[in-house]
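Residue strings, one per chain:
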Number of protein chains: 4
Amino acid sequence: MNFMSDNVSGAAPEILAALGEASAAGPMPSYGADPVTARLHDRMTALFGTPVTVFPVATGTAANALALSALTPPYGAVYCHAEAHINVDECGAPEMFTDGAKLIPLPGAQGKLTPQGLADALARAPVGFVHAVQPAALSLTQATEAGTVYTPDEVAALCAVAKRHGLKVHMDGARFANAVASLGCDPAEVTWRAGVDVLSFGATKNGALAAEAVVFFDRALAESFGYRRKRAGHLFSKMRFLSAQLDACLADGLWLRLAGHANAMAQMLGAGLAALPGAALRAPVEANEVFVELPETVTEGLLERGFQFYRWDGAVVRLVTAWNTRAEDVAALVAAARELASGTPAGGSEKKA
Amino acid sequence: MNFMSDNVSGAAPEILAALGEASAAGPMPSYGADPVTARLHDRMTALFGTPVTVFPVATGTAANALALSALTPPYGAVYCHAEAHINVDECGAPEMFTDGAKLIPLPGAQGKLTPQGLADALARAPVGFVHAVQPAALSLTQATEAGTVYTPDEVAALCAVAKRHGLKVHMDGARFANAVASLGCDPAEVTWRAGVDVLSFGATKNGALAAEAVVFFDRALAESFGYRRKRAGHLFSKMRFLSAQLDACLADGLWLRLAGHANAMAQMLGAGLAALPGAALRAPVEANEVFVELPETVTEGLLERGFQFYRWDGAVVRLVTAWNTRAEDVAALVAAARELASGTPAGGSEKKA
Amino acid sequence: MNFMSDNVSGAAPEILAALGEASAAGPMPSYGADPVTARLHDRMTALFGTPVTVFPVATGTAANALALSALTPPYGAVYCHAEAHINVDECGAPEMFTDGAKLIPLPGAQGKLTPQGLADALARAPVGFVHAVQPAALSLTQATEAGTVYTPDEVAALCAVAKRHGLKVHMDGARFANAVASLGCDPAEVTWRAGVDVLSFGATKNGALAAEAVVFFDRALAESFGYRRKRAGHLFSKMRFLSAQLDACLADGLWLRLAGHANAMAQMLGAGLAALPGAALRAPVEANEVFVELPETVTEGLLERGFQFYRWDGAVVRLVTAWNTRAEDVAALVAAARELASGTPAGGSEKKA
Amino acid sequence: MNFMSDNVSGAAPEILAALGEASAAGPMPSYGADPVTARLHDRMTALFGTPVTVFPVATGTAANALALSALTPPYGAVYCHAEAHINVDECGAPEMFTDGAKLIPLPGAQGKLTPQGLADALARAPVGFVHAVQPAALSLTQATEAGTVYTPDEVAALCAVAKRHGLKVHMDGARFANAVASLGCDPAEVTWRAGVDVLSFGATKNGALAAEAVVFFDRALAESFGYRRKRAGHLFSKMRFLSAQLDACLADGLWLRLAGHANAMAQMLGAGLAALPGAALRAPVEANEVFVELPETVTEGLLERGFQFYRWDGAVVRLVTAWNTRAEDVAALVAAARELASGTPAGGSEKKA
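Residues numbered from 1 in each chain as written. Chains lettered and ligands numbered in written order. Predicted model: local features only at pLDDT ≥ 70, side-chain atom pairs only at ≥ 80, totals over all residues. Heavy atoms only, no water.

**Q** Got a minute to help me understand the overall build of chain A in this structure?
**A** Summing up its helical and strand segments, chain A has 13 helices and eleven strands in all. Over its C-alpha atoms chain A spans a radius of gyration of 21 Å, differing by no more than 12% from the 20 Å that the globule rule assigns to 353 residues. Counting only C-alpha atoms and orienting by the principal axes, one finds that chain A spans roughly 65 × 55 × 30 Å. The contacts of chain A with a sequence gap of at least 6 include a subset with a gap of at least 24, amounting to 76%. For chain A, the computed accessible surface area is about 11,500 Å², with 54% contributed by carbon and sulfur atoms. Here chain A holds 27 positive side-chain charges and 34 negative ones, and the gap between their average locations is 4 Å. (Helix = DSSP H or I, 4+ residues; strand = E, 2+ residues; numbered from the N terminus. Rg over C-alpha atoms; globule rule 2.2 N^0.38 Å. Contact = heavy atoms within 4.5 Å. Areas by Shrake-Rupley, 256 points an atom, 1.4 Å probe, with all protein chains shown as cover. Lys, Arg positive; Asp, Glu negative; His and termini not counted. Charge placed at Lys NZ, Arg CZ, Asp CG, Glu CD.)

**Q** It is not clear to me how the interface of chain B and chain A should be interpreted in this structure. Could you clarify?
**A** Interface extent is often summarised as the accessible area lost during association of the parts. Facing the 45 residues of chain B at the interface are 45 residues of chain A. Taken together, both faces of the contact between chain B and chain A bury some 3,500 Å²; the carbon and sulfur share is 60%. Considering only the surface of chain B that becomes buried against chain A, M96(B), R231(B) and K238(B) emerge as the three largest contributors, covering 21% of it. Joining chain B to chain A, the criterion identifies zero salt bridges. Counting only elements with at least two residues in the side of chain B that touches chain A, the list comes to α1 (13-24), α3 (60-69), α5 (93-97), α9 (225-231) and α10 (240-250) of chain B. (Buried area = accessible area lost by both parts, 1.4 Å probe. Salt bridge = Lys/Arg side-chain N within 4 Å of Asp/Glu carboxyl O.)

**Q** So what exactly am I meant to see when it comes to the relation of the copies chain B and chain A here?
**A** Turning one copy of the chain about an axis and sliding it along that axis gives the other copy, so a rotation and a shift relate them. When chain B is fitted to chain A, the residual RMSD is 0.0 Å, and the transformation amounts to a turn of 180° plus an axial shift of 0.0 Å. Accordingly, the operation relating the two chain copies is best matched by a two-fold axis. Looking at the rotation axis and the C-alpha trace of chain B, the residue lying nearest is A232(B), at 3.6 Å. Taken together, the interface assignments show that 100% of the residues at the interface of chain B recur at the interface of chain A, consistent with an identical surface on both copies. (Least-squares fit on C-alpha atoms with pLDDT ≥ 70 in both.)

**Q** Teacher, can you tell me more about the domain arrangement of chain A here?
**A** All names here are of chain A. Taken domain by domain, chain A comprises domain 1 (12-253) and domain 2 (255-342). Here the C-alpha centroids of domain 1 and domain 2 sit 28 Å apart. Across the domain 1-domain 2 interface, the total number found is one salt bridge. Among the salt bridges present, the one from E289 reaches R175, with a minimum N-O distance of 3.3 Å. (Domains from an automatic or database assignment.)

**Q** Looking at this model, I keep getting lost on the nonpolar core. Mind explaining?
**A** A general trend in soluble globular proteins is that nonpolar side chains are found buried together. If you look at the biggest cluster of nonpolar residues, it comprises 137 residues, and the most contacted ones within it are F201(A) and F201(B). Setting aside anything within four residues of it in sequence, one finds F201(B) in contact with M44(B), L47(B), F48(B), G173(B), F176(B), E212(B), A213(B), V215(B), L246(B), L250(B) and W255(B). Counting residues in hydrophobic clusters, the runner-up holds 136 residues, among them M171(C), A248(C), V133(D) and L246(D). (Core = buried A, V, L, I, M, F, W, Y, C linked by side-chain atoms within 4.5 Å. Buried < 20%, exposed > 50% of the residue type's maximum accessible area, 1.4 Å probe, protein only.)

**Q** Explanation requested: the packing of aromatic side chains in the structure shown.
**A** Each aromatic ring pair is described using two quantities: the centre-to-centre distance and the angle formed by the ring planes. In total, this model carries 44 aromatic pairs over all chains according to the counting rule given. Each ring, one from F216(B) and one from F225(B), has its centre 5.1 Å from the other, and the planes form 70°; the classification is edge-to-face. When its relative accessible area of 0% is taken as the criterion, F225(B) is described as buried. Aromatic side chains F176(D) and F201(D) sit 5.9 Å apart centroid to centroid with 55° between the ring planes, which places their arrangement in the tilted category. Pair noted here: F176(D) is in helix α8 (residues 176-183) and F201(D) is in strand β6 (residues 198-202), with a separation of 25 residues, a long-range link. Each member of the pair F176(D) and F201(D) is classed as buried. The rings of F48(A), F176(A), F201(A), F217(A) and W255(A) are connected pair by pair, giving a single aromatic cluster. (Phe/Tyr/Trp six-rings, centres within 6.5 Å; stacked < 30°, edge-to-face > 60°.)

**Q** Even after reading the chapter, I still don't get the relation of the copies chain C and chain D, so can you show me in this structure?
**A** The two copies are related by a screw motion: chain C maps onto chain D through a turn of 180° and a shift of 0.0 Å along the axis, at an RMSD of 0.0 Å. Looking at the interface residues of chain C, 100% of them are also at the interface in chain D, so both copies use one shared face.

**Q** Is there a simple way to explain the pattern of salt bridges in this structure?
**A** Between side chains of opposite charge, pairing is possible as soon as their charged atoms come close. Residue and element names in this part refer to chain B. For the coordinates displayed, the defined rule picks out 64 salt bridges over all chains. When the shortest N-O distance is used, the salt bridge between D247 and R43 registers 2.7 Å. Of this pair, D247 sits in helix α10 while R43 sits in helix α2 (residues 35-48), placing them 204 residues apart in sequence. For R43, a relative accessible area of 29% puts it in the partly exposed group.

**Q** Is there a simple way to explain the UniProt feature "domain: Aromatic amino acid beta-eliminating lyase/threonine aldolase" (unreviewed entry) in chain A in this structure?
**A** Taking the numbering used here, the UniProt-annotated feature "domain: Aromatic amino acid beta-eliminating lyase/threonine aldolase" (unreviewed entry) corresponds to residues 3-294 of chain A. Counted over residues 3-294 of chain A, helix gives 39% and strand 16%. Its end C-alpha atoms are 15 Å apart. (UniProt positions renumbered as here; feature names shortened; annotations may be inferred.)

**Q** I'm lost on the side chain of R228(C) in this one. Help?
**A** Among the secondary structure elements, R228(C) is positioned in helix α9 (residues 225-231). For the buried R228(C), which has no salt bridge, the nearest side chain bearing the opposite charge is D99(A), at an N-O separation of 6.0 Å. In this structure the side chain of R228(C) is engaged in a polar contact, spanning 3.0 Å, whose partner is the side chain of S224(C). For R228(C), the contacting residues outside a window of four places in its chain are P74(A), Y75(A), L66(C), S69(C) and A70(C). (Polar contact = N/O pair within 3.5 Å; in protein donor to acceptor, adjacent residues only side chain to side chain.)

Here it is in structure tokens:
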């Protein structure tokens, strides 16, 4: 049973079926001038209740780095959480795509930036000082890298600080579906109405094969994006196959159903593990990731029994659920952990010495 | 009936089926550590009869620009045909990925570079002169942009010149399958045995949804490629879905069957049109593209009747066939053209005045 | 006697003296907030009769590449003469500074672009086509690489074409002084009044140690320049020493006196050599460079006698004069050439056969 | 009296004289093939007691960013102090020149990195993990940004950690002369013998107009540098004028005399201010910078009386001395400060509350 990541899973049947349909529909204009992409645009516009410009790409790193390249000059600074994917997991893609803009990592408990922390950092920024990169953008991750979720008010408060300083706002929504499913809110509320200018709308982790949408709410910012996407090799000739995945996600609310399931599995997993003696959640489980400190014997025992997940940091492990995680697998893991925890001899911690 | 490009077509059933199978196989490690990708490696090694390092990506532009970035320093020069895709159709992707290397476009009849032309250009190159970019790589397109195909001897002769000057050799094989099907040769003969160091092995135009493989024959050059692919946003988390497409292509020789069909349709189309009064092929039809000069009344009449293709250059039009082009559609187009040609009044050319 | 280039010469005494004065003036704010730089701004504004924004840098390559980076997006195309310094002598600096924009080299007799040639190239440019770099700027070289000079009308005609297509115009004026001295016109006439947006105003070749000014006539384009200059390492801390060189050039018309002298020496050289049997100027001598075809015995003889200059292309040699070229040295070279030419047997040209 | 920076001062007479001599010496080959540059190479080799490859450039930012570009791939990580010039004062030049490598800022008291801090950071680095930039280089600043100086042993200990992890080592020696004058050691001891691969040898702050030398001890790393310097616009045509400044610095030990004087003035200043009631040095004065916490009335009073220096951080001010700082000016400042301090009412510190 694999809880390593939400990208170890396959694709949802509805999304696979959409690929088949898109293929069977006969010849279509390439590079995005096809009816599937047009339908996706309409659906995104309806979803957010405002006209948007949408660019499908295949990976989250591409979505993020390309989006940022439209928000900052090469001498710009992009503020983000120190643990943000763009800062630690993209091998310098933002720097490459922006031609050298600088990420300014900020601390924040449970994966979240705070308005005060951001305001302090911006107050220190040497605006107009030619020797320093200039504040250009804020990037928020929703859901966060710690498995928590920003409320609409939190997003709005951060965007307000950003806007006061002239920054554009990007949201890395690789797990946006999990965040919205968790909040139960209108997607508009946590994005453009709160001040977000461009969103990386993730689908890959949520049942797609490989599909993300860069959604521009500030459509003027999208002007150069077509060229940027092409020169980065991220313009698909048979665009219908990217658009079909995203379109299937949005149809009938599939994206929220899939994310809601993953979230529910994470809740179950988190609750089960948190109840163990010696266990403690590192952060509230608000999306589909569980960060939990476990006794070493439990961690080791689970791994030995074939459960797969990451050792994260010290005694903390990370378990991720997905659109297709089975409740019985979660139950099996929790049961095994319970067994291991109850059998933990007093000397269990000696192993670590 | 759409002859605009080989990317207006959908995906081959075998390839779609492979996606379904890959998805159904349960959780798999992400980022390429999966069994499908391993199988692809084995198949590519078997296909070329030599150990290769393979990196799947989703677009031809990504494959080409990433491959070149492994072959040239930022102050390097990449020699290519003036009409090469990398020079005119990638919006500066090679320049972006190589951090500013310069493409040196060379002329050449029917889309082909000549050893003499290359040797002359390299003889003029100011090697060691710090004011000029330094010769670093040669990029060949196979099949060419003119629908012709380099023979193994032609490739070898070009590579020999390149190697004599210390250049690495890249082959843009967006239509490599069409070339090999046309030549009927061992793929090794037109690649590494002839001196090619890295190949962009295309599948998208040949029945895949979006899949190309960067195949390194000179495996030392592949060392940095994993990082380069990641920082360009071209590393897929659910890699199995890229690899499965390529794997399905290679299984049972599907790639050559599909390309062979496309080639045959192009032959039929080329022969039919070339036989028309006032028509002339611009280049021999050796792959799946037909470049033919047609009387204006024929061109106009075909477009009016709903046949789709590009006006290319003056009176020349381009028609492209694909893995799923139907013989009856080709026959219909040729018949319509014949009808239009026979009805062409003597004054037909007045229209152009 | 050295006619290799105008950069083999030392610095004019007035300019050296200005460095001493700037140094002796005591502490000054750094990075351009000093009185010498302020005076330079005033002088440049007076010289051009319009408010300008001026950025001193130390090399022509820096001036050109930085200027271009303010005129084009990374997916832009910069049109220039095929022999332009930016295209062949800057080791890819424009590509580096613009993050990958593409130079589009155009042919043109005697180093000059023609309005028709430019218009044709722009007519072929695939504007709005996402697969191709987009026309963004025109770069003219004044005086040209062939030692000729564009008239104000010629500049205006080229700029008119550029502006009609939405391009910005850069002028590489590494030898701008020679051009203006040759034309005898108001500097405004060949620059902003003709449509030039930004000028690389060269001083190094004209008696300075190392100083060029990037002069923005379209001052809005200068907005990001301070950051671009800094991040490229071209912002001098002791700016006074760059500004003083440029300021001394402009004081009392020194720049035109020095350039006028160099031009006169080139005239004398050109006339003397063109009169030789078997010699022919490659282009009219309008600035301080002489491109002349000489019988091989003359070329060889001159080099043997210690005259220094470049063999350029076939039988053509290049000789460059400078602000401090002595008339007696020119006379000596011409006399030696005459002697060698008169000794040339009738069969001298057989060597070339 | 100006204590803002060591770049508010003019140039040393010996260095100005060297420019005049270099100019008067007649024509010289350009781009570094001149005898002055050759002499500089010999002097640098003698100074360091080992063969070095030297590249003169004009600014410290150019020296640093170019040097780093020779040490790291675009997907590399460069470890440095959080306050390093490359991290906070170069507007992203390192990112631009390396095509996007990432600086990893590390903390450290009094401007110094510690071997343990570096070792810990490197232990955390995800080597071989394709999602993260890869450790490539260490950059040390000597003298540091806090006005302190690394001992040879400290440099060696840091380099040892770096080398153990396969990193190359760069030293930003914008104030290298001040460091060596302070240590009284052989320059080799704090550089190549301690493990430094490439040094930015600063002269601008130490009496030159604008001159720094990139000195490669690991000469294999210098291979691409000529091209890198040229494409960044940092290759001077009249190179003699850069080389002459550096050459004059080294002749007769001028560089150490000038730096020694600046250091002595800083000592005097530091001692004088540290003795004031309510004052405290932020770091020991080991080079030519004084960071000292002063009572607000003293700071305010000094500024009112026309002494110029920076407010740095809270109550800390920075004063910098230079090669030409006069002892009487230092004495005047200290006297004024003493006067102001003695008049400080007891409630003076309340302001800070």
